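Listed below, chain by chain, are the residues.
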Amino acid sequence: MIKFDRLRKQMVQKQIEARGITDANVLDAMNKVPRHMFVSEALQDQAYSDYPLPIGEQQTISQPYIVAEMTQALRLAKDDRILEIGTGSGYQAAILAQIVFRVYTIERIYNLYSRARKLFDNLGYHNIVTRYSDGTMGWKDERPFDAIIVTAGAPEIPDTLVHQLAIGGRMVIPVGDQYTQDLLKLVRTPKGITKSNLGGCRFVKLVGEFGWDPN
Ligand code: SAH
């Protein structure tokens, strides 16, 4: 346990702070969430390393820095309503759950969905609401959201998600082909959508009605 605490502190200093992440809530969350609990036992020693790791079902837990960058870009306030598409290991949702009162997260692979749900319960993340479905459809009953984070690479921005953003709402989403994407940030203003490019990234595919085909 003590070993992981030390590795986590080093991760935050060398990978997150050193690369310019300054949001105190993000740094605090990354210092708290036990990332090693979100990977298989065999990979726990690598959980705080500077790269993504496999989580089964051909999916990955994102590199720590990208989690920090996306979270900071959302400019979260405590009472924001946030939707995550792509629960995966549950790590990103847990980071969000340290910062806001309640997190909504959707996963399309049943095994990952149910594993994350159990982990949230075991670790005491009672403010994470999980759902097993196609996240490209959003979560209509819970809209509008102040923030939407898509943690899988989309061929284009799903309109369904844009429509579920509140005025003033922010969305981060990787958009591109199956190998590389640009991390886009959208803000919904009263006049329309503003878009900025945060840089290149590489995510697994967003699969669904408004994403890639499953095959
Ligand atoms: N945020 C995750 C990253 C997981 S990788 C973490 O912290 O570990 C991306 C995840 O998105 C995968 O688990 C994949 O199954 C899921 N995914 C892909 N398309 C999806 C969709 N349409 N709806 C919900 N989840 C999706």
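As the structure is a computational prediction, the values presented were derived from the model and not from experiment.

K.L.:
Before we go on, may I ask you to explain the site of the ligand in this structure?
P.N.:
Close to the ligand lie 27 residues; S89, E107, D134, G135 and V207 are nearest. Backbone polar atom of G86 to a nitrogen atom of the ligand: 3.0 Å apart, as the coordinates give it. A distance of 2.6 Å is found between a nitrogen atom of the ligand and a backbone nitrogen or oxygen belonging to V207. Among the detected pockets, the ligand sits in the largest pocket. Where the shell around the ligand is concerned, the elements lending two or more residues are strand 2 (59-61), strand 3 (81-85), helix 4 (91-99) and strand 4 (102-107). If one sorts the elements of the shell around the ligand by residue count, strand 2 sits on top with three residues.

K.L.:
What exactly am I supposed to notice about the nonpolar core here?
P.N.:
The nonpolar side chains of a soluble globular protein tend to be buried with one another. With 49 residues, the main nonpolar core has M30, F38, I82 and Y91 as its most contacted residues. Broken down by secondary-structure element, the contributors of at least two residues to this core are helix 1 (2-17), helix 2 (24-32), strand 1 (53-56), helix 3 (64-73), helix 4, helix 5 (110-123) and strand 6 (145-150). Counting residues in hydrophobic clusters, the runner-up holds 20 residues, among them I157, L165, L186 and L206.

Calculation notes
- Counting starts from 1 at the beginning of each chain's written sequence and moves along it residue by residue.
- Two thresholds apply to this predicted model, a pLDDT of at least 70 for residue-level local features and 80 or more for giving and counting side-chain atom pairs, whereas whole-chain, interface and lining totals are computed over all residues.
- Heavy atoms from the whole structure form the basis of all side-chain values; hydrogens and water molecules are not counted.
- Here a residue counts as near a molecule or strand whenever at least one of its heavy atoms sits within 4 Å of it.
- Counted as a polar contact is a pair of N or O atoms within 3.5 Å, where, for protein atoms, one must be capable of donating a hydrogen and the other of accepting one, and residues adjacent in sequence contribute only when both atoms are in side chains.
- The distinction between a cavity and a pocket rests on a 1 Å grid over the protein atoms alone: a 1.4 Å probe fits inside a cavity but cannot get out, while a pocket stays open yet meets protein on both sides within 12 Å along at least five of seven lines, and a residue with an atom within 4 Å of a point counts as lining.
- Whether a molecule sits in a cavity or pocket is decided by its atoms, more than half of which must lie within 2 Å of the grid points.
- Under the DSSP-based scheme used, a helix requires at least four consecutive residues in state H or I and a strand at least two consecutive residues in state E, with every element numbered from the N terminus.
- Among buried residues, the Ala, Val, Leu, Ile, Met, Phe, Trp, Tyr and Cys ones that are joined through side-chain atoms within 4.5 Å form a nonpolar core.
- Here the term buried applies to any residue with accessible area under 20% of the maximum for its type, exposed to any over 50%, and partly exposed to those in between, with areas from a 1.4 Å probe on protein chains only.

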